Protein chains: 2
Amino acid sequence: MAHQVSPLAPAAFPELPPIAGVRLAAAETGIRYKNRPDVLMALLDPGTTVAGCFTMSKSRSAPVDWCAANLGGGSARAVIINAGNANAFTGKAGVATVTAVAKAAAHQLKCKAGEIFQASTGVIGEPLNPDFITGALGQLAAEADPDRWSAAAHAIMTTDTFPKACTVKAKLGGKTVTINGIAKGSGMIAPDMATMLVFIFTDAALPAKILQKLLTRAVNPSFNCITVDGDTSTSDTVLMFATGAAGGALTGLRSADDARLKGFSKALDTLCMDLAHQVARDGEGAEKFIEIAITGAENDKAAHRIAMSVANSPLVKTAIAGEDANWGRVVMAIGKAGEKAIRDKLKIKIGGITVAKNGMRDPSYKESDIMPHMKGRHIVIETDVGVGKGKSRVWTCDLTHRYIDINGSYRS
Amino acid sequence: MAHQVSPLAPAAFPELPPIAGVRLAAAETGIRYKNRPDVLMALLDPGTTVAGCFTMSKSRSAPVDWCAANLGGGSARAVIINAGNANAFTGKAGVATVTAVAKAAAHQLKCKAGEIFQASTGVIGEPLNPDFITGALGQLAAEADPDRWSAAAHAIMTTDTFPKACTVKAKLGGKTVTINGIAKGSGMIAPDMATMLVFIFTDAALPAKILQKLLTRAVNPSFNCITVDGDTSTSDTVLMFATGAAGGALTGLRSADDARLKGFSKALDTLCMDLAHQVARDGEGAEKFIEIAITGAENDKAAHRIAMSVANSPLVKTAIAGEDANWGRVVMAIGKAGEKAIRDKLKIKIGGITVAKNGMRDPSYKESDIMPHMKGRHIVIETDVGVGKGKSRVWTCDLTHRYIDINGSYRS
């Protein structure tokens, strides 16, 4: 099924500069799709460090297990990603596949198998024959080029309606460094073709442990704050690689809190937030981009749970799809989150207009005031739950007929 | 919007016998709907005991607060229910409304205000003028009749596509007693017109404390094991009244575990399960009734969480709507539940046919074997998660275009 491009997509694909030490290639291997690239390989120069964050699912895919097990080594020479088959819930055969791919690539690159990182997205439970990928390694290595970011972003797409990429620059150790990121995902979310995968590359010189801390910090308020349907993939993966080719390695760097990292850290945060929003904007069937801000919760964790409860509520999401400022459903979703909220102090704003306060409708609120906002593409719901100082901000999209179309007839 | 009757509805409304000590009347008050009864009053003879279970929402409606506060009194003389306005998130005005209704009814019936129980379902956040209800009390009392069960079940409907009722008999204290129940709800669920309300009446003679224990036990595996969209109403209410008119009060009754209660308890369980299934079968837009059974979990609570995670997964529900035996989404939903599950021991059956075991697809499984089951109305998914002895069984419905139609254009 071909889907129309999300109305929430950015106007254009950004121009991504090369990253010294990174070369990219994509190939058509026919794992599942025809006439499109479905395997991406990024070759990384020796000395590249690696960091990663993975799905919290208890039934993780074989490639996720592989990456998590090898992250401790701290170095990477390649990342290989395929679309069309998630290699998840594939038992021992799945482990054999990732091992075979890693060994073949390591042999070719003369590195350790543990330096080959992998990610897969696609159908769950179908064995993935490693030959599709190993058979393409020669071609991929031969064709690898620093300037193939658009092809790379396209090769990892599944139900995505647009390719996702972002680039930022920062100063680090007296050098200007670049961070490029590509992502795929039409939600947090789906176990089939809608897993979220993110690959970030930089020419900065950073030890793996510091890189990991910076990445984890950047992922929490961005990729961990988006949701499409509350479903969690077996394969969600964020991997970051730092080639060090820009030079400027910091001496005596011991902590991710080192003031010299500030600019880089901020740039990475910006990139992650941008890519995360692109994923939510490509939520399956999305017509509206929804921002939920919770303040006044017992603590930040409670605020996050409340925000996610609102963001994942099918009733809130269908109301917004219907351009209905149905704040009663927001009250319901706050109530069901199970976190402290003082009903008689609840305050709800939609599009900056107060609709409810002191436990009831704002007497001055008129639905007509809010209609222009509800008819827009970016809906903002702010709620203070009147308990403490905890806050959280999350992003999602509305729930439309196209979500049902996409997911109700997906495999057949 | 008028909705076609759910294809999962029972063939006919059951014949409910009178319950000695209970008289019913319904009135058209015009709170929201036109040309249909929207207020139900059940008059209860002196000596009637009461028990109740309520929503776990942290933003409960004024009538729920009222009922919970008065349950301790243990006796009831009337229950008054209105459809069209939930009297939820209505601040002090909401409290004033329930108080006014209780006082007016108590005055009329010459009882305490705390013996008047109430429930409301409908729009959230709109003030409910008590005059609609108090103005009808005279007519309701005058017209009350023991034989109005069908009218009663109709009067409390909102987005329901069929009225829900059940009757059972049991032996208690040497007498044959009757239990009648009526319910409304198109889900657990929605905060607008889809709250679940259940009213159970019996002529058995049981103290309020014992009644409460029996009711809580019956509610846990039934009403607490159904879900439509995971959304929790501010107003969910189950109230049970025992008039004692059948006689046969048990002497020396101290515990709900007393063997003499066994038959009654079992009959009550059956009635609650029947009504709960009717609610799930009237889930908004439902085309399929889905049963999820989890075994092998760490404990029953863990099993329940896993079962609810599967039952609430939009991806599982849309797959079933599409008649797609997409067990990969079941794996995903188990993984995201956050409870222990051994991936390589997972076993999944759909319609009694093993589709996956030992952490991968069953080699002998063919999708065609399962198609007749997927095309049916009652879908059964059984999963063993390979950890311990915990088990749970829950019921839900599929997620279809009609859910979006109903909820995306509800208020407008």
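Residues numbered from 1 in each chain as written. Chains lettered and ligands numbered in written order. Predicted model: local features only at pLDDT ≥ 70, side-chain atom pairs only at ≥ 80, totals over all residues.

> Please explain the overall build of chain A as it appears in this structure.
Looking only at helices and strands, chain A has twelve helices and 15 strands in total. Its C-alpha atoms give chain A a radius of gyration of 22 Å, within 12% of the compact-globule value 22 Å for 412 residues. Expressed along its principal axes, the backbone C-alpha trace of chain A runs to roughly 70 × 55 × 40 Å. Across the 412 residues in chain A, those meeting the buried criterion constitute 61%. Long-range contacts, defined here as pairs at least 24 residues apart, represent 81% of the contacts in chain A between residues at least 6 apart. (Helix = DSSP H or I, 4+ residues; strand = E, 2+ residues; numbered from the N terminus. Rg over C-alpha atoms; globule rule 2.2 N^0.38 Å. Buried ≥ 20, exposed ≤ 12 C-beta atoms within 10 Å, placed from the backbone. Contact = placed C-beta atoms within 7 Å.)

> I tried to follow the domain arrangement of chain A on my own but got confused; where do I start?
Residue and element names in this part refer to chain A. In terms of domain boundaries, chain A breaks down into domain 1 (22–281) and domain 2 (289–408). Counting residues at the interface gives nine residues for domain 1, matched by ten residues for domain 2. Among the residues forming the side of domain 1 that touches domain 2, the class breakdown is four nonpolar, four polar and one charged. (Domains from an automatic or database assignment. Nonpolar A, V, L, I, M, F, W, Y, C, P; charged D, E, K, R; others polar.)

> Is there a simple way to think about the environment of B:V310 in this case?
Residue and element names in this part refer to chain B. As for its position among the elements, V310 is in helix 8 (residues 300–311). For the pair formed by V310 and N129, sequence separation is 181 residues and the distance between their alpha carbons is 41 Å. Once residues lying within four places of it in the same chain are set aside, the contact partners of V310 are I292, V316, V330, A333, I334 and I381.

> Help me understand the sheet that holds strand 9 (residues 237–242) of chain A in this model?
Hydrogen bonds between backbone atoms are what pair the strands of a sheet, whose relative direction is either parallel or antiparallel. All names here are of chain A. Read from one edge of the open sheet, five strands run 3-9-8-7-6, paired in mixed fashion. Looking at which strands have only one partner, the edges of the open sheet turn out to be strand 3 (49–54) and strand 6 (164–172). Strand after strand, the sheet turns through a mean of 15° between neighbouring axes, direction not considered. The pairing of strand 8 (residues 197–202) with strand 9 spans six bridges and is classified as parallel. If you follow T202 over to strand 9, its bridge partner there is A242. Along the sheet, helix 1 (residues 62–70) makes contact with strand 3 and strand 9, crossing strand 3 at roughly 135°. Against the sheet, helix 6 (residues 208–219) makes contact with strand 3 and strand 9, and its axis sits at roughly 35° relative to strand 3, the strand it touches most. (Pairing = 2+ DSSP bridges. Axes fitted to C-alpha atoms, helices over the stretch in contact; angles between N-to-C directions.)

> Before we go on, may I ask you to explain the interface of chain A and chain B in this structure?
Interfaces are often described in size by the accessible area the parts lose on coming together. On the chain B side, the residues contacting the 54 residues of chain A number 55 residues. Mapped onto the side of chain A that touches chain B, the elements with two or more residues apiece are helix 2 (91–109), helix 9 (314–321), helix 10 (327–336), strand 13 (360–361) and helix 12 (401–408) of chain A. Considering every element that reaches the side of chain A that touches chain B, the biggest residue donor is helix 10 of chain A, with nine residues. When the residues that make up the side of chain A that touches chain B are grouped by side-chain class, the tally is 21 nonpolar, 22 polar and eleven charged.

> Honestly, the relation of the copies chain A and chain B in this entry has me stumped. Any pointers?
Each of the two chain copies can be brought onto the other by rotation about an axis and movement along it. Superposing chain A onto chain B requires a rotation of 180° together with a translation of 0.0 Å along the rotation axis, leaving an RMSD of 0.0 Å. The operation mapping one copy onto its partner corresponds to a two-fold rotation axis. Every residue of chain A has its C-alpha some distance from the rotation axis, and the shortest such distance is that of A:H401, at 2.9 Å. Interface overlap between copies: 100% of the residues of chain A at the interface are likewise at the interface in chain B, consistent with a symmetric, same-surface contact. (Least-squares fit on C-alpha atoms with pLDDT ≥ 70 in both.)

> Can you walk me through the sheet that holds strand 1 (residues 22–27) of chain B in this structure?
Residue and element names in this part refer to chain B. Ordered by their spatial adjacency, four strands build an open sheet running 1-2-4-5, and the pairing between neighbours is mixed. Strands with a single pairing partner mark the edges of an open sheet, and in this sheet they are strand 1 and strand 5 (116–123). Going across the sheet, the axis of each strand differs from the next one's by a mean of 10°, ignoring polarity. Two elements, strand 1 and strand 2 (residues 39–44), share six bridges in a ladder whose sense is antiparallel. Counterpart to L24 in the pairing with strand 2 is A42. The strands touched by helix 2 (residues 91–109) are strand 4 (78–85) and strand 5; relative to strand 5, the strand with the most contacts, the crossing angle is about 140°.

> How should the packing of helix 9 of chain A against helix 10 of chain A be read in this particular structure?
For any two helices packed against each other, the geometry is given by the interaxial angle and the distance between the axes. Residue and element names in this part refer to chain A. Running from N to C, helix 9 and helix 10 point in directions that differ by 160°, and their axes come no closer than 9 Å. Between helix 9 and helix 10, the interaxial angle falls into the category roughly antiparallel. The two elements helix 9 and helix 10 cross, and the hand of that crossing is left-handed. Only R329, V330, M332 and A333 of helix 10 make contact with helix 9, whose side of the interface consists of L315, V316 and A319. Considered class by class, the residues forming the contact of helix 9 with helix 10 number six nonpolar, no polar and one charged. (Parallel < 35°, antiparallel > 145°, perpendicular 65-115°, else oblique. Left-handed = near helix turned anticlockwise from the far one by under 90°.)

> Mind showing me how you'd approach the pairing of strand 7 (residues 175–184) of chain A here?
Strand residues, when the strand is regular, have side chains that alternate between the two faces of the sheet. Residues and elements named next belong to chain A. Here strand 7 lies mainly inside the structure; eight of its ten residues are buried. One ladder, built from nine bridges, connects strand 6 with strand 7; its direction is antiparallel. The partner of K171 across the bridge, within strand 7, is T176. Joining the antiparallel neighbours strand 6 and strand 7 is a turn of two residues, in which G173 adopts a positive phi near 55°. When strand 7 meets strand 8, the two strands line up antiparallel, connected through six bridges. Counted as the bridge partner of N180 is F201 from strand 8.

> What should I look at first to understand the confidence of the model for chain A in this one?
Detailed reading of predicted coordinates is not advised where the pLDDT is low. All names here are of chain A. Looking at chain A, pLDDT values average 91 and 95% of them are 70 or higher. Across residues 188–193 the pLDDT falls below 50, and counting only partners more than four positions away or on other chains, this stretch makes 33 contacts in the model. The complex model carries a pTM of 0.84, and its ipTM stands at 0.76. (pLDDT = per-residue confidence, 0-100.)

> Could you clarify how one ought to interpret the pairing of strand 2 of chain B in this entry?
Residue and element names in this part refer to chain B. Taking burial as the measure, the six residues of strand 2 include six buried ones, the bulk of the element. The side-chain alternation of strand 2 yields two buried faces, one formed by V39, M41 and L43 and the other by L40, A42 and L44. Across five bridges, the pairing between strand 2 and strand 4 is antiparallel. Bridging across to strand 4, M41 finds its partner in I80.

> I would appreciate a short explanation of helix 8 (residues 300–311) of chain A in the present structure.
All names here are of chain A. For helix 8, which comprises twelve residues, the first-to-last C-alpha distance of 16 Å matches the rise-based estimate of 16 Å (1.5 Å per residue) to within 8%. Most of helix 8 sits out of view: nine of its twelve residues are buried. Turning to helix 8, its buried residues are A302, A303, H304, I306, A307, M308, S309, V310 and A311. (Expected span 1.5 Å × (residues − 1).)

> Please explain unusual backbone geometry as it appears in this structure.
Glycine aside, negative phi is the norm for most residues, and most peptide bonds take the trans geometry. Residue and element names in this part refer to chain A. The backbone phi angle of K110 is positive, close to 55°, even though this residue is not glycine. Within the element layout of this structure, K110 appears in the loop between helix 2 and strand 5 (116–123). In this structure K110 comes out as exposed when scored by C-beta crowding, with 8 C-beta atoms within 10 Å.

> I keep staring at the environment of B:K184 and nothing clicks. Help me out?
Residues and elements named next belong to chain B. Its location among the elements puts K184 in strand 7 (residues 175–184). Given 30 C-beta atoms within a 10 Å radius, K184 is considered buried. Considering only alpha carbons, one finds K184 and V310, 126 residues apart in sequence, at a separation of 24 Å. The residues touching K184, leaving out its near neighbours within four places in the chain, are T121, I156, M157, T158, D160, K164 and L197.

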